[in-house]
Amino acid sequence: MKKSLLVLSVLFIAFSCKKETAPIDTIQTQNQKNIQKWFNASISLSKGTPDTIAFYANKMEQAALKEPSVYKAMAALIKGIEYANTSSYAISTKYYDSALRLLKTTTADTLWAKAYNGLGNNYKITGDYTAALKNLFKALAIYEKQQDKVGICNVHAGLGEVYFQKDNLGDAKKHLTIAMNTLAHDKTNQAYLSAAHILANVYGMSGDFDSALKIDEVGIKITDSINNPKIKSSFLDNKANCFLFSNRLDSAQYYFNECLKIDLAGGNKKQLADTYSNLGELFLMKNNFAKAEEYVQKSIDVLKSIDGKPNLGKSYGILTEIYTKQRKFEKALEIQKLQFENKSQMINLKKEASEAEYKIVYETQKKENKIQFLQEEEKIKELKIKQQHYQIERRNFLIVFFILLIGVLIGVGYLWRSKQKLRDKIRKNKIIQKTEEQIRLKMAKDIHDDLGSGLSKINFLSEIISQKTKDIPEIISSSESIRETSKSMIDNMRDLIWALNPENTTLSNFIARIREYTTDYVEDYSIETQYDIPENIAPTPIKNEMHRALFLVVKETINNIAKHSKATKIEFSAHISPEYLTLTIQDNGVGFEDSNTNGNGLKNIKSRIEDIGGKLTIESTIGAGTTVIIKIKLDKIYKK
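**Q** Report on the overall build of the protein chain, specifying residues and quantitative values.
**A** Looking only at helices and strands, one finds 23 helices and five strands in the protein chain. Among the 640 residues that make up the protein chain, the fraction classed as buried is 43%. In the protein chain, once contacts between residues fewer than 6 apart in sequence are set aside, the share between residues at least 24 apart is 63%. Accessible surface computed for the protein chain: about 36,000 Å², of which carbon and sulfur atoms make up 54%.

Below, the structure written as structure tokens:
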């Protein structure tokens, strides 16, 4: 999704609340009226025009020097907006904290809410989610007390983003839904549209593309009705990405082209470059390397013209993959070198920006300290005199204390680092395991789509041959054999796809699958089925190989009963003890002698069970039916 949209939503959520006059004295001087006017103007501009905001912020800061604290707080808030707009979050946070200190003796709830909201969004961006939630909930309490629906909507949207970044999708969806419901009566409000787009992003990034697309479609209709192509472009982009990541490439291409039209007309080169790179990635997925290279090169050219180094890395990465897939390894290596150089330049730029930011923080702090010193010079002198009396007494104590503290911190740091490494290792292993399962599932689905369609065609053609050659028994027999074989292979592929899905490979789903298969299979043979299965089986994950082996054994057993036993009833039971899983399949068929248990079919069944560490018992009496008992330890089948 477009990175610029995230910044837009953050800034909009922080300060696009309805304009309200701060609760100050009704009688104002001309200077105070000017500060009030500049404050309201800055709030209305807070989601853009950084130069104008900086202009108002500097004027307010100078004008508020000799005014009451509420006016100083208003100036501090706008300075916070100014630095948030330029991504200088440390400085922005400092000004918001300053505003809160100045507001301690006031009842300006609106300003309190804006300061808390600004702090919450700054901490959200910098990754301090605990502080973000604390400040956002404080802002929410004020807006709810004021019944400010726009403010409530914005804060819930901010909370939704925090929980989404914490991978708590349930709470993220809850708060974003509340945000939208709050302004359901005013869907053209930009606060509503911002919350809707964030919720669509949450659904899209979590793989629920259908829900994301529904929200995007509503957003597109609303933005069309208010003629706002900029916000419409964000919904179109999200919709295109949903189609892209769900492999509906033609639909993705259509909506990326719609974004491109808006970006070309709007002149936003950063968004234009992002759309070009998205189209390049799309054509790469289509293996249309010429088109992919053309669009990615356009993206690179645009980004170079605006010095867009942060986005160049993505375009270089796509171009490298294009050349690699075409086996143009020399070109791919050249692009990789450019990508590395761009990354190095970005690191240097970030370092310089960070140094400049710390310098500004230092100079701002220095200026504040100087003012405070001039105001409280006498207090500082008294404190220094008192400090001299007990400084010597404290020195020895502090030396011992700090030595002990350093020792404790080193020990705690070592333990924390060791625990962090272990967590990282576990997390990486889980990610690798999940990725492997997804790859296996995708490969199996691809095989099913390609081979399955071919087998279905063979099945269909063999049936036609049978119908057209009714008078030739040899051909009828062969075509029937082909049809049965292809049908069996299709069934086996479906079972494989089902078994490879991690959500299906649990003990409860395995038992349910056996029951479903047995019921469906014997339906054509007029065989009664009876089940003895425990209720509320725990959905404990089991190993894929165990799932497949046990299912094939049960499947083969049911097949033998249906085709050879002449049974009229099958009884299936599953017993789960603390240590063992026991499956029992019993029929009332013709049975067989024990000497007949050495056939290839029964040997294969025994071999499968023994290979996975289980035990197979077959009891049969002529005329009294057959009982097959499968017993295996649970710790062998459970996924660790």
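**Q** Give me the lowdown on the packing of helix α20 (residues 507-522) against helix α21 (residues 544-565), citing residues and values where you can.
**A** Helix packing geometry: the angle between the two helix axes and the distance between the axes. Packing of α20 against α21 leaves a shortest axis separation of 11 Å and a crossing angle of 25°. One way to sum up the angle between α20 and α21 is to call them roughly parallel. In this structure, the crossing between α20 and α21 has a hand that is right-handed. Taking contact as the criterion, the partners of F510, R513, I514, Y517, T518, Y521 and V522 in α20 are, on α21, H547, L550, F551, V554, K555, I558, N559, A562 and K563. When the residues that make up the contact of α20 with α21 are grouped by side-chain class, the tally is 10 nonpolar, three polar and three charged.

**Q** Describe in detail the pattern of salt bridges, supporting the description with residues and values.
**A** Evaluation of the coordinates by the stated rule reveals 14 salt bridges. Ionic pairing is found between K286 and D250, a salt bridge with its closest N-O pair at 2.8 Å. Note that K286 is positioned in the loop between α14 (269-285) and α15 (289-305) and D250 in helix α13 (residues 249-266), a separation of 36 residues in sequence. D250 sits in the exposed class, given a relative accessible area of 58%.

**Q** Go over unusual backbone geometry, please, and point to the residues and values.
**A** Backbone geometry places N227, a non-glycine residue, at a positive phi of 55°. Among the structural elements, N227 can be located in the loop between α11 (209-225) and α12 (229-245). Backbone geometry places N287, a non-glycine residue, at a positive phi of 65°. You can see N287 is positioned in the loop between α14 and α15.

**Q** Talk me through helix α16 (residues 309-325); I want residue IDs and the actual numbers.
**A** Taking 1.5 Å per residue as the helical rise, α16 with its 17 residues ought to reach 24 Å, and the 25 Å between its terminal C-alpha atoms agrees with that figure. Along α16, the residues that are buried comprise K309, N311, L312, S315, Y316, I318, L319, T320, I322 and Y323.

**Q** Could you give an account of the nonpolar core, with specific residues and numbers?
**A** With 59 residues, the main nonpolar core has F256, L319 and I322 as its most contacted residues. Looking at this core element by element, the count peaks at 10 residues for helix α10 (residues 190-205). Once residues lying within four places of it in the same chain are set aside, the contact partners of L319 are E293, V296, Q297, I300 and I335. If you look at the next biggest cluster of nonpolar residues, it comprises 47 residues, including Y56, A57, Y83 and A139.

**Q** Break down the packing of aromatic side chains for me, citing the residues and quoting the values.
**A** Tallied over the full model, the rule gives 13 aromatic pairs. Here the aromatic rings of Y521 and Y525 are separated by 5.8 Å at their centres, their planes lie at 20°, and the arrangement is stacked. For the cation-ring pair, K631 lies above Y580, with the distance from its terminal atom to the ring centre recorded as 4.6 Å.

**Q** Before we move on, could you go through a nonpolar patch on the surface and cite the residues and values that matter?
**A** Taken together, the side chains of F397, F401, F402, L405, I406, L409 and I410 present a nonpolar region at the surface, about 710 Å² in accessible area. Within the element layout of this structure, F401 appears in helix α18 (residues 377-468). Taking relative accessible area as the criterion, F401 reaches 39% and is therefore assigned partly exposed.

**Q** Break down the sheet that holds strand β1 (residues 528-532) for me, with residues and values.
**A** What links the strands of a sheet is backbone hydrogen bonding, and the strands pair in either a parallel or an antiparallel sense. If you walk across this open sheet you meet the five strands as β1-β2-β3-β5-β4, and the pairing is mixed. One side of each edge strand has no neighbouring strand; the edge strands of this open sheet are β1 and β4 (615-621). Each strand of the sheet is rotated relative to its neighbour by a mean of 10°, with strand direction disregarded. Direction of pairing for strand β2 (residues 569-576) relative to strand β3 (residues 580-587): antiparallel, over a ladder of seven bridges. Residue pairing in the sheet places S573 in a bridge with T584 of β3. Across the sheet, α20 lies against β1, β2 and β3, angled at about 165° from β1, the strand it touches most. Contacts between α21 and the sheet are confined to β2, β3 and β5 (625-633), with β3 contributing the most and set at about 10° to the helix.

**Q** Tell me what's going on with the packing of α10 against α12, and back it up with residues and numbers.
**A** Direction vectors running N to C along α10 and α12 enclose 10°, while the axes themselves pass 10 Å from each other. Comparing their axes, α12 and α10 come out roughly parallel. Taking contact as the criterion, the partners of Q190, L193, A196, H197, A200, N201 and G204 in α10 are, on α12, I231, S234, F235, N238 and C242. Within the contact of α10 with α12, the residues separate by chemical class into six nonpolar, six polar and no charged.

**Q** Describe the pairing of β4, with residues and values.
**A** Remember that side chains alternate between the two faces of the sheet whenever the strand is regular. Of the two faces of β4, the one holding L616, I618 and S620 is buried and the one holding K615, T617, E619 and T621 is not buried anywhere. The sheet contact formed by β4 and β5 spans seven bridges and is antiparallel. Bridging across to β5, S620 finds its partner in T626.

**Q** So what's going on with the environment of K269? Residues and values would help.
**A** Take K269: it is sitting in helix α14. K269 gets classed as partly exposed once you look at its relative accessible area, which sits at 43%. Put simply, K269 and L303 are 34 residues apart on the chain and 7.5 Å apart in space, counted from C-alpha to C-alpha. Beyond its immediate stretch of four places on either side in the chain, K269 contacts V302, S305 and I306.

**Q** So, α21: which residues are in play, and what are the values?
**A** With 22 residues, α21 extends 31 Å between its outermost C-alpha atoms, agreeing within 8% with the 32 Å of an ideal straight helix rising 1.5 Å per residue. Burial analysis of α21 places 16 of its 22 residues in the buried class, the great majority of the element.

**Q** Pulling in residues and values, what's your account of the side chain of T182?
**A** Structurally, the position occupied by T182 is in helix α9 (residues 169-182). Since its relative accessible area comes to 17%, T182 is described here as buried. A distance of 2.7 Å separates the side chain of T182 from the backbone oxygen of I178, its partner in a polar contact. In contact with T182, not counting residues within four places along its chain, are K149, I152 and C153.

**Q** Got a sec to walk through the confidence of the model for the protein chain? Specific residues and values, please.
**A** Averaged over every residue, the pLDDT of the protein chain is 80; the share at 70 or more is 78%. For the protein chain, per-element mean pLDDT is lowest for helix α1 (residues 3-15), which scores 43, and highest for β3, which scores 94.

**Q** Give me the environment of T505: which residues, what numbers.
**A** By the secondary structure assignment, T505 is in the loop between α19 (473-500) and α20. The class for T505 is buried, based on a relative accessible area of 0%. Separated by 40 residues in sequence, T505 and E545 place their C-alpha atoms 9.9 Å apart.

**Q** Give me the lowdown on the pairing of β3, citing residues and values where you can.
**A** Counted residue by residue, β3 has six buried out of eight residues, so it is predominantly covered. In this antiparallel pair of consecutive strands, β2 and β3, the connection spans three residues. Across seven bridges, β3 lies against β5 in antiparallel orientation. Bridge pairing in β5 links L581 to I632.

Thresholds, definitions, all that
- Residues numbered from 1 in each chain as written.
- Predicted model: local features only at pLDDT ≥ 70, side-chain atom pairs only at ≥ 80, totals over all residues.
- Heavy atoms only, no water.
- Helix = DSSP H or I, 4+ residues; strand = E, 2+ residues; numbered from the N terminus.
- Buried < 20%, exposed > 50% of the residue type's maximum accessible area, 1.4 Å probe, protein only.
- Contact = heavy atoms within 4.5 Å.
- Areas by Shrake-Rupley, 256 points an atom, 1.4 Å probe, with all protein chains shown as cover.
- Axes fitted to C-alpha atoms, helices over the stretch in contact; angles between N-to-C directions.
- Parallel < 35°, antiparallel > 145°, perpendicular 65-115°, else oblique.
- Left-handed = near helix turned anticlockwise from the far one by under 90°.
- Nonpolar A, V, L, I, M, F, W, Y, C, P; charged D, E, K, R; others polar.
- Salt bridge = Lys/Arg side-chain N within 4 Å of Asp/Glu carboxyl O.
- Expected span 1.5 Å × (residues − 1).
- Core = buried A, V, L, I, M, F, W, Y, C linked by side-chain atoms within 4.5 Å.
- Phe/Tyr/Trp six-rings, centres within 6.5 Å; stacked < 30°, edge-to-face > 60°.
- Lys NZ or Arg CZ within 6 Å of the ring centre and 35° of its normal.
- Patch = residues over 30% accessible without salt bridge, like charges linked within 9 Å, V, L, I, M, F, W, Y side chains within 5 Å.
- Pairing = 2+ DSSP bridges.
- Polar contact = N/O pair within 3.5 Å; in protein donor to acceptor, adjacent residues only side chain to side chain.
- pLDDT = per-residue confidence, 0-100.

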